[in-house]
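# Observations on the three-dimensional arrangement
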Amino acid sequence: MMLITLLLILALDRVVMLPATWQLDTWLAKLPAAARAPSLPWPLLLVGLVLATIAVDCALYLLPWVLSWPLTVLLLWAALNSTQLRQQYRQMLNAFSRGDLQAADLYSQGIEQPLTSATYSGRERTLMALLWANYRHYCAVLFFYVLAGTGAVLAYGLLRYWHNQEQPEARRLIKLVDWLPVRFTALGFAFVGHYSRAMPRWLEGLLKHPSDNEDYLGQVALAAEEVDCSEPCSDKPVLNMVALAKRNLLFFLCLVAALILLGFLV
């Protein structure tokens, strides 16, 4: 059932753009101020998120299947929170196809906004921002669903919202939370890309500090997929990097299917 749920969510997200009113961030923006901008230290935030995860998973477990499964699909779809990102991506590609570099840069700035690393610049920064957005909105969501259920996905979505609201303690915590799924995502890049170049990069940064998550993912991705950013008006580097991210999602789904067949997942 887990694999069917994941396939359905990705298919729905591919075919239908969920309206902004149904996005998780829109729901979270209606929370009380204390929940939207908590001032607690990150260990207490972590405890609260774990308790919320358990509460949501228990509530869904107690509901009848005919209610819990559709609700799970809706919550996971909302947690992707990808509508604005996909619109910006399409607008950027359209600007590239017109040769409008100024418009392309404007749209790319919106995609790059959540990126905190200053290592990359120019078109490489756009590529890294796309990869990081794909991780935050897709890979991390799928990872936490497989690991700990719908409650963990909503908890991560809440932490992602706090991070985007520039809450300092949330920014510290999300780096710790991202450490493991970032390594897993980077490993997928190595398998679906140029393995002999990417795997040494993956091993080199395996034990890096969580503050290096963005740079680490970017280094492995650039090794896995060879791109040429010398032509500023070309959309080929963007398309190549997005193709790498899509292959990685397929790799993840195949891995989930294999684990289900072997009896490790249900």
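Residues numbered from 1 in each chain as written. Predicted model: local features only at pLDDT ≥ 70, side-chain atom pairs only at ≥ 80, totals over all residues. Heavy atoms only, no water.

## Re the side chain of Arg160
When you line up the elements, Arg160 lands in helix H9 (residues 150-164). Asp25 provides the closest opposite charge to the buried, salt-bridge-free Arg160, at an N-O distance of 4.6 Å. (Helix = DSSP H or I, 4+ residues; strand = E, 2+ residues; numbered from the N terminus. Buried < 20%, exposed > 50% of the residue type's maximum accessible area, 1.4 Å probe, protein only. Lys, Arg positive; Asp, Glu negative; His and termini not counted. Salt bridge = Lys/Arg side-chain N within 4 Å of Asp/Glu carboxyl O.)

## Here we look at unusual backbone geometry
Phi angles above zero are rare outside glycine, and Asn81 is one such case at about 50°. For Asn81, the location among the structural elements is in the loop between helix H5 (65-80) and helix H6 (83-98). Residue Asn81 is classed as buried on the basis of its relative accessible area, which comes to 12%. The residue Glu166 is not glycine, and still its phi comes out positive at about 60°.

## Concerning the nonpolar core
In terms of nonpolar packing, the biggest core is built from 79 residues, with Leu6, Met92, Tyr135, Trp162, Phe189 and Val238 touching the most fellow members. Looking at which element gives the most residues to this core, the answer is helix H8 (residues 122-148), with 17 residues. If we skip the residues at most four places from it in the chain, Phe189 touches Leu131, Leu217, Val220, Ala221, Ala224, Leu244, Ala245 and Asn248. (Core = buried A, V, L, I, M, F, W, Y, C linked by side-chain atoms within 4.5 Å. Contact = heavy atoms within 4.5 Å.)

## Points about the side chain of Gln23
Following the sequence through the fold, Gln23 ends up in the loop between helix H1 (2-15) and helix H2 (24-28). Every residue in contact with Gln23, bar those within four places of it in the chain, is listed here: Leu18, Ala78, Asn81, Ser82 and Thr83.

## Some remarks on the packing of aromatic side chains
Applying the stated criterion across every chain yields a total of 9 aromatic pairs. Between Trp65 and Trp69, the ring centres sit 5.9 Å apart and the planes meet at 5°, which makes this aromatic pair stacked. Taken together, the residues span about one helical turn, with Trp65 and Trp69 both in helix H5 at a distance of 4 residues. On the basis of relative accessibility, which here comes to 23%, the residue Trp69 falls in the partly exposed class. Measuring from centroid to centroid gives 5.9 Å for Phe143 and Phe184, while their planes differ by 50°, and the two rings are tilted. Residue Phe143 is located in helix H8, and its partner Phe184 is located in helix H10 (residues 168-192); the two are separated by 41 residues in the primary sequence. (Phe/Tyr/Trp six-rings, centres within 6.5 Å; stacked < 30°, edge-to-face > 60°.)

## Brief notes about the environment of Pro210
Following the sequence through the fold, Pro210 ends up in the loop between helix H11 (195-204) and helix H12 (213-224). Note on Pro210: relative accessible area 14%, which makes it buried. Sequence separation between Pro210 and Leu85 is 125 residues; the distance between their C-alpha atoms is 25 Å. Not counting the four nearest positions on each side in its chain, Pro210 is found in contact with Lys175, Leu176 and Trp179.

## A look at H10
With 25 residues, H10 extends 35 Å between its outermost C-alpha atoms, agreeing within 8% with the 36 Å of an ideal straight helix rising 1.5 Å per residue. Taken as a whole, H10 carries its principal kink of about 40° at Trp179; the proline Pro181 stands between one and four residues after it. Listed in full, the buried residues belonging to H10 are Ala170, Leu173, Ile174, Asp178, Pro181, Val182, Arg183, Thr185, Ala186, Gly188, Phe189 and Ala190. As for H10, its buried residues are in contact with helix H4 (42-62), H8, H9, H11, H12 and helix H13 (236-261). (Expected span 1.5 Å × (residues − 1). Bend = angle between axes of the 7 residues up to and from the residue.)

## Notes on the confidence of the model for the chain
With 98% of its residues at a pLDDT of 70 or more, the chain has an overall mean of 90. Mean pLDDT across the secondary structure elements of the chain bottoms out at helix H7 (residues 101-112), with 79, and peaks at H4, with 96. (pLDDT = per-residue confidence, 0-100.)

## Quick word on the pattern of salt bridges
Evaluation of the coordinates by the stated rule reveals 5 salt bridges. Across the salt bridge formed by Asp13 and Arg86, the nearest N and O atoms sit 3.8 Å from each other. Highlighted residues: Asp13 in helix H1 and Arg86 in helix H6, separated in sequence by 73 residues. Arg247 is the partner of Glu225 in a salt bridge, and the nearest nitrogen-oxygen pair spans 2.9 Å. Of this pair, Glu225 sits in the loop between H12 and H13 while Arg247 sits in helix H13, and the two are 22 residues apart along the sequence.

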